[in-house]
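Listed here are the chains, written in short residue letters.
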Amino acid sequence: NTSYTAANEYNREGTELKELIRALHEKNHAVRVIDDPIALRLFSPEELAVWERRLARQLRLPSDSFRSTEAAVNQRLAPAVLGGAAFLERALETAGKLQTKRVLILGLGYETFPYRQPAWAKGFSLFGADEPQRLKDRRSRFERAGIREPSNFRCIPAVRVDGGWTYLSRQPIVGKEPVFCSLMGVSPRIPKGEFENLLALLGQLPEGSSLAFDYREKRPGALFEGYTEWERMGLLSERGFRMYEHCSGREIADTFFALFNCANPSCPLGEPEGRGYVLAVKK
């Protein structure tokens, strides 16, 4: 199926691009929004050089202008990636303080958090769900980099049927204890109807479970497009979730990018424009 293959390739490159941006952030800056040495290990120096030239072409910049490329990436690509990662890790730390022990990352991709767990995450049981082929690509890349899986982390092959997520109900992640579920980075690509189906499934999680996701406000047909804030809260409320935190792109920039931008005035991080970030709790 040509369209399926094209979509898979697009999603694979999108996943790789996210970790690439985090790797470049780690490589190029002493003051960082997040520290991600694992992402840097996923790319050889040659791959990084190829990607930097490719980004320059995509952003229509001179290929020999590193500073221009870095500044453009920080303005246009990095804010959503780094802002989402910072929001997620703050939410995870809060969940850990509230004694949540199980974490499910949907759309795992090349996410590196399980391999660089801070002290507050050591008590987590971490699960990452994604399509089998992407998990295969992931395993190959991490093995090539000599990165071993931690003992408290497990990958779950996610075979979606008819746009549904019913595979989750058959996994050991579903039980009597609260679960922290992340849809960060993947949720903007989920159609409204499918997201509502997913909320219905997650609504079966125990009281005290949490859900973190982001969305694009101005993308036609995207999640929450055209909803007011009250309608968003209503959609969550119907499934038993209360909106605990809701941040705009500007709030993300003010909260997480201030130190970086003070240290890097020539290539500051821009606002994740048109993005919203949500942490909801099951009551």
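One can find the structure itself at the top, above this paragraph.
Residues numbered from 1 in each chain as written. Predicted model: local features only at pLDDT ≥ 70, side-chain atom pairs only at ≥ 80, totals over all residues. Heavy atoms only, no water.

Before going further, it helps to examine the packing of helix 5 (residues 78-97) against helix 9 (residues 249-256). Between helix 5 and helix 9, the shortest axis-to-axis distance is 10 Å and the interhelical angle comes to 75 degrees. On the basis of the axis angle, helix 5 is roughly perpendicular to helix 9. Between helix 5, through Gly 83, Ala 86, Phe 87 and Arg 90, and helix 9, the contact on the second element is made entirely by Ile 252, Thr 255 and Phe 256. When its residues are assigned to classes, the contact of helix 5 with helix 9 shows four nonpolar, two polar and one charged. (Axes fitted to C-alpha atoms, helices over the stretch in contact; angles between N-to-C directions. Helix = DSSP H or I, 4+ residues; strand = E, 2+ residues; numbered from the N terminus. Parallel < 35°, antiparallel > 145°, perpendicular 65-115°, else oblique. Contact = heavy atoms within 4.5 Å. Nonpolar A, V, L, I, M, F, W, Y, C, P; charged D, E, K, R; others polar.)

Take the environment of Gly 270 next. Relative to the elements of secondary structure, Gly 270 occurs in the loop between helix 10 (258-263) and strand 7 (275-282). The class of Gly 270 is buried, set by a relative accessible area of 7%. Separated by 196 residues in the primary sequence, Gly 270 and Asn 74 have C-alpha atoms spaced 6.4 Å apart. Setting aside its immediate chain neighbours within four residues, Gly 270 contacts Asn 74, Gln 75, Pro 79 and Phe 257. (Buried < 20%, exposed > 50% of the residue type's maximum accessible area, 1.4 Å probe, protein only.)

Before going further, it helps to spend a moment on the nonpolar core. In terms of nonpolar packing, the biggest core is built from 51 residues, with Val 33, Phe 87, Phe 180 and Phe 257 touching the most fellow members. Residue contributions to this core peak at ten residues, all from helix 5. For Val 33, the contacting residues outside a window of four places in its chain are His 25, Leu 82, Ala 86, Phe 256, Phe 257, Phe 260 and Leu 269. With 25 residues, the next largest nonpolar core counts Leu 183, Leu 202, Leu 205 and Leu 235 among its residues. (Core = buried A, V, L, I, M, F, W, Y, C linked by side-chain atoms within 4.5 Å.)

Moving on, we come to the packing of aromatic side chains. Under the defined criterion, the tally for this structure stands at five aromatic pairs. Centroid distance Tyr 115 to Phe 142: 4.7 Å. Interplanar angle 35 degrees. Geometry classified as tilted. Within this pair, whereas Tyr 115 is found in the loop between strand 1 (102-106) and strand 2 (125-130), its partner Phe 142 is found in helix 6 (residues 132-144), the two being separated by 27 residues in sequence. Residue classification places Tyr 115 among the buried positions, given a relative accessible area of 14%. The buried category is assigned to Phe 142, whose relative accessible area is 2%. Taken together, the ring pairs in this structure connect Phe 113, Trp 120 and Phe 124 into an aromatic cluster. Here the basic side chain of Arg 54 rests over the ring of Trp 51, its NZ or CZ set 4.7 Å away from the ring centre. We note Arg 141 situated over the ring of Phe 43; from NZ or CZ to the ring centre the distance is 5.1 Å. (Phe/Tyr/Trp six-rings, centres within 6.5 Å; stacked < 30°, edge-to-face > 60°. Lys NZ or Arg CZ within 6 Å of the ring centre and 35° of its normal.)

Hydrogen bonding along the main chain pairs the strands of a sheet, whether they run parallel or antiparallel. Spatially, seven strands are ordered 3-2-1-4-5-7-6 in an open sheet, and the strand pairing comes out mixed. Every other strand in the sheet has two partners, leaving strand 3 (153-157) and strand 6 (241-248) as the edge strands with one partner each. Within the sheet, the average angular offset between the axes of one strand and its neighbour, ignoring direction, is 20 degrees. Bridging between strand 4 (residues 179-182) and strand 5 (residues 210-216) involves three bridges; their strand directions are parallel. Along strand 5, the bridge assignment pairs Phe 180 with Ser 210. Across the face of the sheet, helix 7 (residues 192-202) comes into contact with strand 1, strand 4, strand 5 and strand 6 while running at roughly 170 degrees to strand 5. Contacts between helix 9 and the sheet are confined to strand 6 and strand 7, with strand 6 contributing the most and set at about 75 degrees to the helix. (Pairing = 2+ DSSP bridges.)

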